[in-house]
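These are the residues of each chain, in order.
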Amino acid sequence: MTISTPAPNPARFIRADGPDKVTGSGRYTADLTLTGMLAAKFKYAGIAHGRITRLDTTAAKAIPGVFAVLTQADVPNVRFGGFVQDRTLFADGVVRFEAEIVAAVAAVDAATAQRAVDAIVVEYEPLPVVNDPEAALTADAPLVHTDWASYGASGALVRERNDASFSSIAKGDVDRGMAEAAVVVRSRYDADGCHAAPIEPRAIVAQWEGDKVTIWTTTQVPYDARAGVCETLELPANRVRIIVPHLGGGFGGKCGFHFEAHIAALAKAARRPVRLLFSRREEFLAPDKRRESICYDFETGVSSDGRIVARRVTMVLDNGAYTADAGFFSQLGAMHALGPYRIPNLLAEAHLAYTNHQPSGSVRAPTAPQTCWALESHTDEVARAIGMDPVAFRQLNAVDTGAEGPSGQTYGEIGVQECIERAARMAGYGQQLPGDEAIGVAIGWWPSFAVPSGAYVKIDGDGSAQIITGAQECGTGSVMTLPQLAADELGMSAADFQLVYQDTSVAPYDMGATGSQTLFNNGRAVIAAAAQIAEQLRALAADHLEADPADIVLANGQAFVAGTPDRAVPIATLAGIAAGGELLIGHGSGMPPGPPPISGSTCVGDAGVAAWVAPQFSCHAVRVKLDRDTGVARIMHVAAAHDSGTIINPLGAEGQVQGGVLMGIGQALTEGTSYDNEAHQRNAGLLDYKLQTCADAPPMDIHFVQINTPNAGPHGAKGLAEAPNVATAAAIANAIAQLVGAPVRQLPMTAERVWDALQEVAQNTIGGAA
Amino acid sequence: MSFTIARTVEDALAAIAAGARPIAGGTDLVVGARHGKAALPADLVAIDRIAGLDEITVGAGNGGVTLGANVSHHAIEHHPVLAGSYSALADGSALVGSPATRHVGTIGGNVMNASPAMDTGAGLVVLGAEVELRSVHGTRRVPIGELWSGPGRTIAQPDELCVAVHLPQPAPNSGSAYLRLEYRRAMEIAVVGAAANITLAADGTVAAVRVALSAVGPTIVSVTGLDTLVGSVDDVADAVAAAASEQATPISDVRASDRYRRHTVGVMARRAVVAAARRAAGETIAIPVNRTLGIGAAS
Ligand SMILES: Cc1cc2nc3c(=O)[nH]c(=O)nc-3n(C[C@H](O)[C@H](O)[C@H](O)COP(=O)(O)OP(=O)(O)OC[C@H]3O[C@@H](n4cnc5c(N)ncnc54)[C@H](O)[C@@H]3O)c2cc1C
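Here the structure is a predicted model, which is why all the values come from computation and not from measurement.

What counts and how
Residues numbered from 1 in each chain as written. Chains lettered and ligands numbered in written order. Predicted model: local features only at pLDDT ≥ 70, side-chain atom pairs only at ≥ 80, totals over all residues. Heavy atoms only, no water. Core = buried A, V, L, I, M, F, W, Y, C linked by side-chain atoms within 4.5 Å. Buried < 20%, exposed > 50% of the residue type's maximum accessible area, 1.4 Å probe, protein only. Helix = DSSP H or I, 4+ residues; strand = E, 2+ residues; numbered from the N terminus. Contact = heavy atoms within 4.5 Å. Domains from an automatic or database assignment. Buried area = accessible area lost by both parts, 1.4 Å probe. Salt bridge = Lys/Arg side-chain N within 4 Å of Asp/Glu carboxyl O. Polar contact = N/O pair within 3.5 Å; in protein donor to acceptor, adjacent residues only side chain to side chain. Nonpolar A, V, L, I, M, F, W, Y, C, P; charged D, E, K, R; others polar. Pairing = 2+ DSSP bridges. Axes fitted to C-alpha atoms, helices over the stretch in contact; angles between N-to-C directions. Arc of directions from axis to C-beta. Near = heavy atom within 4 Å. Areas by Shrake-Rupley, 256 points an atom, 1.4 Å probe, with all protein chains shown as cover.

(A) Molecular detail of the nonpolar core. All names here are of chain A. Formed by 112 residues in total, the largest nonpolar core has its most connected members in Trp373, Val624, Ile732, Ile736 and Met749. Residue contributions to this core peak at nine residues, all from helix α17 (residues 728-740). If we skip the residues at most four places from it in the chain, Ile732 touches Val622, Val624, Ile635, Ile665, Ala668, Leu669 and Met749.

So this is what it looks like as C-alpha cells:
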C-alpha cells in the first residue's frame, strides 16, 4: 500500500486545446479532405429482425460514379466482440436491429452514394421481434441469436439463450436476514435507455498506401479501434494507423470499435480514400453504444434501529442485438444495485438480455446513473418506512473507512461520509422551503480502473519539451493535465510541454478516453517517463556544478545544489549539452496497482468488477421545484460533493462535475429512448430526444473531499470523468418523490410521468378517504 | 433549379408568379428539408433583402401596428410598443428557438409555415391580426384565423406573398399573454400553448376575453363560446380552462399523450388569462411571461 503525497502544484489552468476549439481553428475529422476522396453510405436493415432472403447489389454497382459496394461476402468471415463474438461487420444472413449494416457504398459524392444505397435490393423473411428484455428471458422467447451456444466468448461469462451475461453477488444468508428484519420494503423501478449524444457526429476517413492503411476517426479509444480493424480485416497491428484529430465529445458513445473497418475495406476496394460522415439520425441509431435500459426489483430488510440487514435485487439489462462491451455490465450493475452500503446478507442477480434493439455499451459510468436512481429511490422508501430521515439513514448505513462493502472489500481511507455531510450542508438540507420545493439526496460510487499505459517524454536541445502519449482526449481535459505532472517532476512549467497524442503509430499503448482512466494510468506513465529524464538532468547538472547527483534539485526551470540555490544551471543549458551527447528521452509505464482483496462473498459470472481500486464516492443534494398542475420539475440548485482523491486541476475538475450534473439532469427529466412495437426508435433525433441546454443549467455548489487514498493514481488522484454523472438523477428523484407523495417509478421522470404519478396519488387519497 | 435574390416586393412577386417559393430566414424551410419533411423546392426566391419589409410601423391604420413580413422574432421581442401593448405576440416570439433562431426567423415565415405548434399564432389570433397577401394580380387582407387550412397549409395561393401582418389598436384596459408548456428552457417546441387577451371593466372584473390554443389541433384553435363570458378573473379563468380542454383535439405522439395535452392546455389557458388580466390591470410582467413567472409559479 502506498499513501501518496498531495499534488505539489494544484493549479487552476485553462486546458491547452481550449483556444483552438472555441476559435474554430481546431480541426476535426469531418474537416479532412484528401485528393480523390469518395463518400461512404451504409445500407441499413430498416427492420428490427429478419432473415435476408435476397440481397442484390447489381443495380447499385452499375450507377455511374459508384466505386465500391460491399457486403459480408466481400470481407473476411470473422465474428468479433470483446466479450461474445456475436457480430460480423455486415449482416450475416440475419438482421437483428433496425440499423444493422447490410451493405456499404463508396461513390464520388454523398448523393450518388445514397442513390446506390437505395438501388440495393434486399428482401427479408420477418422474424419475431424481441422488444422487451424481461420477456426475452422467458423459456419460450424467440432467440435473437439461434447459434449463441457456438459463439466464442470470454470464459468468465455465464450465458444461456438470450441471457448474454448472468452475474450474481451473494453474501451472508439473505433469506434469514429478511426473516429477521423489522421492516421489509419492496420496490420496482424501470429505466429507459438513453444516448451519449456527443455534439460531433461520427466521421471516418481511410486511405491506403500499399499494404498499410491510415484511418482518421472520431474514436475515444484509438488502440481498441485499431484492434478491431486488425481482427476483422486480418491485418497485423503495425499496418494499421489510427489518428484522431480533435474529438467533439464522446461520453462513452465513441468507445469501442465501430465503423473504421467498413471504411478501410471500402477504400481498399475503391482504391481511393473514402470518408464517412454520419447524420444526426445515424448517430442515434447505428453505434453499438447507448445507455442500457434496466428494470429492477428491490427488496430490503431493516432492523428496528434502522440498519440494513438484508437486500435482494434482481435486474434485467437490455443488451440489445449484440454484446459490444456490455459483457461486464451485469456485475457492475449488481454492484451499483447493492450500493456503497454495509449489508450483511445480500443477493444481487443481474441478467444481460439480448433484444432486437440497438446494442448497449459504455456510456459515461455505464449502469450507474440509472441504477443509483433506482437504488437511492428505494433507499428513501426504506428510510421513510421506518420513519428515519433519509440523510441520517445514509449516514448510518453507508460504508466508511475500514468498513466492509457489499462484495466483501474492506475500504482504506474513503470520504463518503464527508461527502454526505458536505452536500447536505451546501444544499441547506433541513431548511424551511415553499410547498412546491424539496431537497433530495443521493450517494453514488464508481471504481478507478488500473490498467497498463505508456508515454514518452523528450526535451530537445533548446529546452522545449514534448509528451508523446497514447492517451486520448475526449473533452474531459485529462490529457491536458499531463504537462502539469511532467512539469512538477522536472521542475519546469506546464507551458514548456507540447502534447503529441492520438496517433497509434507514434505513441505507446493507452486504453483511451474510457473508464475515467487517463489521469490515473497515463499520469503514472508520464511521471515515470519524466523521472527518467530527471535522473539524466541530475547527472548532467552534477557534472556541470561539480556536485553529487543526489544533491541536485530541479525547480523553476533550473537545476541547483540543495541548500545553495546560487549554484544553479538552467535546464535549457543542460538540454543543450545533452543534445551533443546522450539525448533526453524518457519512456514510462509503471505498474498499475493490483485489485484489492475481497472475502466472504460469492460472485458468479465474475467480470472482475467486484473489487474496486481507489473507489470514488459522491453525494448530490438537489433542490427541485415542481409544478403540480403539469408535472414539470425545475432544478433550482445542485450541491455536489466528491471524493475523487487529490484534485490536480480544480478548474478542470469543476467543469467535469458541472457537465456530469447537467447530463444527469437530462437523464432524470427528458432523455430516454422510446421504442415502438416494431422496435424502432421513436425519437432518434435532437428534436424529440431532449438534451438539457445551457439555459436549463442550475446554480451548483461543488466540493472536493481530498483525502489520502491508498493505491491511487498520481499524487493520490482517482478518476473524475464518470463519477459526477452517477448521483444527480437519483437526488432529483428523491426530491420529486417528496413533492408528489410517491416515487416516480420510470426514468426519465418526464413531466407526463410525474403528472401521472400525481394523479395516482390523488386517486389513492380519494379512494382511501371514501 | 434556381435561386434568386429579390431586391423589391415586385421582384419577389414576379419570381413567385413564375413558380418560385419564397424563403425568408429559412429556419423552417431549410431545416425541414434536412429533416426529410419535404424536399427543398427547386426554385427559390430569397426575400430577406427586400428593403423595408423588416419595418415595424406604429400608428398604422387606425392606431394599430403593422409588421413587415420580414420582421424578426428578436425585433418583436425587444420592441417596446409590441412588448407593452401586444404582449401575447412578444411572449411568443421571445420563446422561439435560441437567440440565433430569433434573429433569423421571421414573422412572415412563422405564420406562412402554418405549424399548429407555432408560437406567434395564438397571440396573433387573440390580438385580432390580419395578414396582407399580395400577388402580381393584387392585394387582399385575411383575418389571421382564416389563413390556416391545416398543418403546414394556408389558404394563400402559390403566387401570393405575405407582405405584412396588421395589428389593430388594442382596447383600453386590455392586456394579453401567451404561455406554452415546455420541457426545457431553450430550443423547445410547444407541447401545448395558450394565448389570452383580456379587457377589464372598471371594477376589475373581466369584460371581454379571447383565447386561442397552439399544438392541440390541426391549426391554431380559437376557443369559442366566450363572447358572453364575464365575471371575476378567477371564474373566467376556470371557465376558459374547461373550454380549452374541451375544445382541444390533440394527438398522442412521442412528446405527450392526448390526455396530458388536453389537461395541460387547460392549465396554460388558465395561466394565460390570469397573466393577461394582470397586464390589463397595469402590471408589467416582463417578456416572455413563461420565464418571468416560471412554468411552476404562474398559478
Ligand atoms: C432550432 C429551431 C427552433 C425553433 N423554435 C421555434 C419555436 O420555439 N417556436 C416557433 O414557432 N417556431 C420555431 N422554429 C421555427 C421557425 O424558426 C419559425 O417558424 C420562423 O418564424 C420561420 O421563419 P423563417 O423566416 O425562417 O421562415 P422560412 O423557413 O424562410 O419559411 C417558412 C415557410 O414560409 C414561407 N414563407 C416565408 N416567408 C414568406 C412570405 N413572406 N410570404 C409567403 N410565404 C413565406 C416559405 O416559403 C416556407 O414555406 C424553430 C426553428 C428552428 C430551426
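Text resumes after the structure shown.
(B) Just the domain arrangement of chain A, in detail. Residue and element names in this part refer to chain A. You can read the domains of chain A as domain 1 (29-127 + 201-247 + 255-285), domain 2 (294-449 + 597-766) and domain 3 (451-588). Taking the mean C-alpha position of each, domain 2 and domain 3 sit 39 Å from one another. A combined buried area of about 1,200 Å² lies between domain 2 and domain 3, and 66% of that area is made up of carbon and sulfur atoms. Taken as a group, Phe449, Ile648 and Pro714 account for 45% of the area that domain 2 buries against domain 3, more than any other trio of residues on that side. Summed over the shared surface of domain 2 and domain 3, the number is zero salt bridges. Where domain 2 packs against domain 3, one counts three residue pairs in polar contact (both at pLDDT 80 or more). Put simply, the parts of the chain that give the side of domain 2 that touches domain 3 at least two residues each are β17 (437-448) and β26 (613-627). In the side of domain 2 that touches domain 3, the residues fall into ten nonpolar, six polar and two charged.

(C) A look at the sheet that holds strand β27 (residues 632-643) of chain A. All names here are of chain A. On the basis of which strands lie adjacent, the open sheet formed by four strands has the order β17-β26-β27-β28 and mixed pairing. Looking along the sheet, the strands with just one partner apiece sit at the ends: β17 and β28 (700-704). Pairwise comparison of adjacent strand axes, ignoring direction, gives a mean angle of 20° for this sheet. Of the pairings in the sheet, the one linking β27 to β28 comprises five bridges and is parallel in character. Each bridged residue has a counterpart across the sheet, and for Ala639 the counterpart in β28 is Asp701.

(D) Local environment of helix α3 (residues 110-119) of chain A. All names here are of chain A. Every buried residue belonging to α3 is among Thr112, Ala113, Ala116 and Val117, and all of these are buried. Burial along α3 is one-sided: seen end-on, the buried residues are contained in an arc of 145°. Where α3 is buried, its residues contact β1 (38-44), α2 (58-62), β3 (66-70) and β5 (101-107).

(E) A look at the site of the ligand. All names here are of chain B. The environment of the ligand is formed by 30 residues, the closest being Pro22, Thr27, Asp28, His73 and Asp119. One of the backbone N or O atoms of Leu29 is found 2.8 Å from an oxygen atom in the ligand. Thr106 is positioned such that a nitrogen or oxygen atom in its side chain is 2.7 Å from an oxygen atom of the ligand. Relative to its unbound accessible surface of 980 Å², the ligand loses 89% to contact with the protein. Among the elements of the structure, β2 (21-23), α2 (29-34), α7 (107-113) and β10 (161-167) are those that each provide at least two residues to the shell around the ligand. In terms of residues, the shell around the ligand owes the most to one element, α7, which gives four residues. Counting contributing residues, the shell around the ligand receives three or more from each of domain 1 (1-46) and domain 2 (174-292).

(F) How the structure looks around the sheet that holds strand β13 (residues 206-214) of chain B. Residues and elements named next belong to chain B. Spatially, the four strands line up as an open sheet ordered β11-β12-β13-β14, and their pairing is antiparallel. The sheet is open, and its two borders are formed by β11 (174-181) and β14 (221-222), each paired with just one other strand. As defined by bridge partners, β11 adjoins strand β12 (residues 192-200) across eight bridges and the pair is classed as antiparallel. Pairing of Ala177 across the sheet is with Ala196, part of β12.

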